[in-house]
Amino acid sequence: MAPVPPGVRFLFSFDKDQWYRAFTFILTFLLYTSFHLSRKPISIVKSELHKNCSSVSELATASGGGAIQPPTLISLHTDMDCSWKPFDKKNYKQLLGAMDYSFLFAYAIGMYLSGIIGERLPIRLYLTVGMLCSGLFTCLFGLGYIYNIHSMAFYVFVQVANGLVQTTGWPSVVTCISNWFGKGRRGLIMGLWNSHTSVGNILGSLIAGYYVSSNWGMSFIVPGIIIAAMGVVCFLFLIEQSHHTSDIPSFSATCITVIAYCLSLSQSGDEEPLLGRENGDSGRVPLQQVVVVKSESEPSAISFMGALRIPGVIEFSLSLLFAKLVSYTFLFWLPLYITKAAHLDAKKAGDLSTLFDVGGIVGGILAGVISDKLGKRATTCAVMLLLAAPTLYGFSMISQLGLGPTVAMLLVCGGLVNGPYALITTAVSADLGTHKSLKGNARALSTVTAIIDGTGSVGAAVGPLLAGLLSAGGWDQVFYMLMTADFLALLLLLRLVKKELTSSKSRPISAVELKEH
């Protein structure tokens, strides 16, 4: 008998729970990747909404060699005024900042409600509706180009609506992934999983950059279609908790069932069936019905004030406010800054800005691994925040010196800025959402996650708005603001850092007895 191929032996060596854990990890990773993929285009398109008109005319003259060129789709929007109304005014930075603020302020307000609502509804359905609506509003923004819409009210409305519906994402996916994975090596697992943020930003930058110079509307429409399609995938495949799979066959059994069924359909009556008929077997393996099993005794959802009383929630929430302020300022303004500082076009600036997210992937994983090994989440965040402030100043200086130094500093800044942000929003949120004071009530996780990320989202809303206001006086003021925010995030963690360092044993944050507020 021929030996079983090693690849097949490897696939069938895992039990059912391991397969479903891997499947949930990959699925939730892709789901939230699509969320960030749909948020990124606005930062790429900003440099197209307001252009340097003299540069545009010079470029057109140089490319045409002085000859008269027939009008094209691009020239329809650049012949009379190279910028897109209403962003053609001198206060365009404030208008672009207000557009960011509209999305992020709605996101911050909605996040506090989202966790509470999410605990009382099926996660799969709640997340599906949010993704479909997000796809709709993302596409609507792009349709502003197609239908030549120049109303600021239209774009603000779309941003507010999109910010509200996108709040369905984070509490849902964090709750789902935490239901499947325990506390062992949570920092590493969450660090790897949280790289979806940077992967989504990178993909969003590349997609938006591909269309930005020719038809910036498609920079929104394509990501909108992607997140809506992933919403359908969520509805069809997301399994919220491990006990929902108790009557679902294992991967091995499912594969054998499907293969045997397909083979039985192709068999003729006089052929010997591939699967023997011993013991009265008909040769076909009956398909098993999938039954979703619901726990009979569901714990009650925690209140908002009850979640705030969990030790560590307030400190980490406020620290994330300033950490996320820095991260989202880079998310929304980095491509425009590179365009102005390095004198690159929108596509090249968007491509270069993805290096910040590449550094963020490495930083998030390192933060998770180090915090797992040391058992000190707050201390890990504090050290990275301490290093991030001078690094931001160095980036503001070095970015003027050329492309090579800029690339290196983007990677370092991405790791130090996104490391604490990633750790707090994932592993720390999961630790606190399953804190021992909750006595095993897993339904608190969604509310705790929403409070932490909602507070952080306030900073995410304020940061880009301040960047729009301060950049009018020079980019140096923006970097001073970012360094100040990093310093404040560090100060807010000092009590928890002191508690961790004086603890007799190095244990994960969820096991450390923190003082009550």
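All of the points below concern the structure found in this document. (Residues numbered from 1 in each chain as written. Predicted model: local features only at pLDDT ≥ 70, side-chain atom pairs only at ≥ 80, totals over all residues. Heavy atoms only, no water.)

The next point concerns the overall build of the protein chain. Scanning the protein chain from terminus to terminus reveals 20 helices and zero strands. Out of the 517 residues belonging to the protein chain, those deemed buried represent 52%. In the protein chain, of all internal contacts separated by at least 6 residues, the share reaching a separation of at least 24 is 84%. Approximately 22,900 Å² of the protein chain is accessible, and the part contributed by carbon and sulfur atoms is 68%. (Helix = DSSP H or I, 4+ residues; strand = E, 2+ residues; numbered from the N terminus. Buried < 20%, exposed > 50% of the residue type's maximum accessible area, 1.4 Å probe, protein only. Contact = heavy atoms within 4.5 Å. Areas by Shrake-Rupley, 256 points an atom, 1.4 Å probe, with all protein chains shown as cover.)

Before going further, it helps to spend a moment on the packing of helix H5 (residues 92-118) against helix H6 (residues 123-146). Put simply, H5 and H6 touch, their axes get as near as 13 Å, and they point 165 degrees apart. Considering the angle they form, H5 stands roughly antiparallel to H6. Helix-helix and strand crossings are classified by hand; for H5 and H6 the assignment is right-handed. Counted together, Met99, Ser114, Ile117 and Gly118 of H5 and Ile123, Tyr126 and Phe141 of H6 form the full contact between these two elements. Looking at the contact of H5 with H6 residue by residue, the class counts come to five nonpolar, two polar and no charged. (Axes fitted to C-alpha atoms, helices over the stretch in contact; angles between N-to-C directions. Parallel < 35°, antiparallel > 145°, perpendicular 65-115°, else oblique. Left-handed = near helix turned anticlockwise from the far one by under 90°. Nonpolar A, V, L, I, M, F, W, Y, C, P; charged D, E, K, R; others polar.)

For serine 102, the position within the fold is in helix H5. Judged by relative accessible area, which is 12%, serine 102 ranks as buried. Once the C-alpha coordinates of serine 102 and tyrosine 155 are considered, the two residues, 53 residues apart in sequence, prove to be 9.3 Å apart. Residues within four places of serine 102 in sequence aside, it is in contact with Val156, Gln159 and Val160. One polar contact links the side chain of serine 102 to the main-chain carbonyl oxygen of alanine 98, over a distance of 2.8 Å. (Polar contact = N/O pair within 3.5 Å; in protein donor to acceptor, adjacent residues only side chain to side chain.)

All right, on to a nonpolar patch on the surface then. Side chains of Phe23, Leu125, Leu132, Val232, Phe235, Leu236 and Phe237 sit close together on the surface and give an oily, nonpolar patch of about 620 Å² of accessible area. Counting residues per element, the ones that place at least two in the nonpolar patch are H6 and helix H11 (218-237). Looking at which element gives the most residues to the nonpolar patch, the answer is H11, with four residues. If you trace the backbone, leucine 236 turns up in helix H11. Judged by relative accessible area, leucine 236 falls into the exposed class, the value being 55%. (Patch = residues over 30% accessible without salt bridge, like charges linked within 9 Å, V, L, I, M, F, W, Y side chains within 5 Å. Salt bridge = Lys/Arg side-chain N within 4 Å of Asp/Glu carboxyl O.)

Using the criterion set out here, one finds four salt bridges in the structure. Between lysine 46 and aspartate 100 there is a salt bridge, with the nearest N and O atoms lying 2.4 Å from each other. Of this pair, lysine 46 sits in helix H3 (residues 41-49) while aspartate 100 is found in helix H5, placing the two residues 54 residues apart along the sequence. With respect to burial, lysine 46 and aspartate 100 carry one shared label: buried.

The end-to-end C-alpha separation of H6 is 35 Å, in line with the 34 Å expected for 24 residues at 1.5 Å each. Phi turns positive, to about 55 degrees, at asparagine 148, one or two residues after H6. (Expected span 1.5 Å × (residues − 1).)

Here the focus is the packing of aromatic side chains. A full pass over the atoms with the stated rule returns 26 aromatic pairs. Residues phenylalanine 87 and tyrosine 155 carry aromatic rings whose centres are separated by 6.3 Å and whose planes lie at 55 degrees to one another, so their mutual orientation is tilted. Of this pair, phenylalanine 87 sits in the loop between helix H4 (53-64) and H5 while tyrosine 155 is found in helix H7 (residues 152-165), placing the two residues 68 residues apart along the sequence. Each of the two residues, phenylalanine 87 as well as tyrosine 155, counts as buried. With centroids separated by 6.3 Å and ring planes inclined at 65 degrees, the aromatic side chains of tryptophan 333 and tryptophan 475 adopt a geometry described as edge-to-face. On the criterion of sequence distance, the pair formed by tryptophan 333 in helix H14 (residues 313-342) and tryptophan 475 in helix H19 (residues 475-491) is long-range, its members being 142 residues apart. (Phe/Tyr/Trp six-rings, centres within 6.5 Å; stacked < 30°, edge-to-face > 60°.)

Interaxial distance between H14 and H19 falls to 9 Å at its minimum, and their mutual angle equals 160 degrees. With respect to their mutual orientation, H14 and H19 come out roughly antiparallel. Viewed along their axes, H14 and H19 form a crossing whose handedness is left-handed. Contacts between H14 and H19 involve Ser319, Phe322, Ala323, Leu325, Val326, Thr329, Phe330, Trp333, Tyr337 and Lys340 on the former and, on the latter, Trp475, Val478, Phe479, Met481, Leu482, Ala485, Asp486, Leu488 and Ala489. Considered class by class, the residues forming the contact of H14 with H19 number 15 nonpolar, two polar and two charged.

Turning our eyes to something else, we now look at the side chain of asparagine 418. Its location among the elements puts asparagine 418 in helix H17 (residues 403-433). Contacts of asparagine 418, omitting those with residues within four sequence positions, involve Ser198, Ser327, Phe356, Gly360 and Cys413.

A few words now on the nonpolar core. Core analysis: the largest hydrophobic core is formed by 112 residues, its most contacted members being Trp193, Trp216, Phe330, Phe395 and Leu482. Of all the elements, H14 adds the most residues to this core, at 15 residues. Ignoring sequence-local partners within four residues, the contact set of tryptophan 216 consists of Val45, Glu48, Leu49, Trp84, Phe141, Tyr145, Tyr155 and Tyr211. (Core = buried A, V, L, I, M, F, W, Y, C linked by side-chain atoms within 4.5 Å.)

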